[in-house]
Structures are given as structure tokens and as C-alpha cells.
Amino acid sequence: QVQFVESGGGLVQAGGSLRLSCGASGTRFTFNAFGWYRQAPGKQRELVARISTFEDTSYADSVKGRFTISRDNAKKVVYLQMNSLKPEDTAVYYCNKYPHIDDYWGQGTQVTVSS
């Protein structure tokens with residue numbers, strides 16, 4: 001059974017940084033692309049960043065230049081380094097395969113950025 005467990009969220013002031021981690025199990029990690037997604041209150045879940053099996057990366061315009069996605073195949077972990085955080089980055093952050101699989105959403109990790 002595929003499972004993603006996100007961690008690393010918290011409360012941070014605007015301009016601060018957080019590093020999110022996502023542990024994956026039950027999947028052939030090396031052979032999959034992954035994405036970080038977020039859902040803010042009252043909004044649809046959106047893709048923030050994705051990373052391919054070859055570590056090619058892509059970012060939403062709203063986070064480009066501030067967020068960095070990476071992966072550690074040996075540890076089966078996907079990271080999201082978030083710098084220069086803004087209040088509009090406040091959301092629950094999830095990881096999943098890319099493209100996402102609806103059955104694989106985890107609990108997510110809450111990120112709150114205060115102004």
C-alpha cells in the first residue's frame with residue numbers, strides 16, 4: 001500500500017524558511033516522479049513543484065525562485081525547501097506522485113506564514 005507522510009510544517013514569520021519532508025513507502029520510489037501540492041482554505045489543491053526520476057524540476061510561478069524540490073532515492077524522501085515565505089503560502093502541503101493519484105493523499109503538513 002502506497003503511503004506518503006509529510007512533516008516539517010509550522011508557524012513562521014513572513015520572510016522565513018521551512019523545509020518540508022515527505023517519506024514514501026509502498027512504491028518503487030526511484031521509478032516515480034513526485035510533486036508537492038498545497039491547499040489553502042477555500043481554494044482548490046494546486047501543484048507547487050514537481051521532480052522527475054531524472055531530478056528535472058518544475059515550479060508554479062507563485063513559488064519560482066523561492067522554493068526548491070529535491071529527492072533522496074536512498075532514503076525514499078522528497079523535500080521542499082521554502083524560503084522567503086509569504087502569507088499567501090499559508091496552506092496544508094501534501095506530497096504525492098506526479099501526476100497525483102487520488103487514493104494516495106496523506107494527512108499533509110500545515111504551513112502558516114504570519115505577516
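Keep in mind it's a predicted model, so treat the numbers as computed, not measured.

## Here we look at the pairing of strand β7 (residues 67-72)
Part 1 of the argument: The alternating pattern of β7 places Phe67, Ile69 and Arg71 on a buried face and Thr68, Ser70 and Asp72 on a face that is not buried.
Part 2 of the argument: Sheet topology note: the β7/strand β8 (residues 77-82) ladder contains six bridges and is antiparallel. Counted as the bridge partner of Asp72 is Val77 from β8.
Part 3 of the argument: Here β7 folds back onto β8, and the loop between the two strands holds four residues, one of which, Lys76, carries a positive phi near 60°.

## Examining the pattern of salt bridges
Part 1 of the argument: The tally for this structure, following the rule as stated, stands at four salt bridges.
Part 2 of the argument: Where Asp89 meets Arg38, a salt bridge forms, and the shortest distance between an N and an O atom there is 2.9 Å. One end of the pair, Asp89, is in the loop between β8 and β9 (91-97); the other, Arg38, is in strand β4 (residues 34-39), with 51 residues separating them in the sequence. Of the two residues, Asp89 and Arg38, both sit in the buried class.
Part 3 of the argument: With a closest N to O distance of 2.7 Å, Asp89 and Arg66 form a salt bridge. Taken together, the positions of Asp89 in the loop between β8 and β9 and Arg66 in the loop between β6 (57-59) and β7 put the pair 23 residues apart, joining distant regions of the chain.
Part 4 of the argument: For Asp89, a relative accessible area of 1% puts it in the buried group.
Part 5 of the argument: On the accessibility criterion, Arg66 (10% relative accessible area) is buried.
Part 6 of the argument: The network of salt bridges with common partners includes Arg38, Glu46, Arg66 and Asp89.

Criteria and thresholds
Residues numbered from 1 in each chain as written. Predicted model: local features only at pLDDT ≥ 70, side-chain atom pairs only at ≥ 80, totals over all residues. Heavy atoms only, no water. Buried < 20%, exposed > 50% of the residue type's maximum accessible area, 1.4 Å probe, protein only. Helix = DSSP H or I, 4+ residues; strand = E, 2+ residues; numbered from the N terminus. Pairing = 2+ DSSP bridges. Salt bridge = Lys/Arg side-chain N within 4 Å of Asp/Glu carboxyl O.

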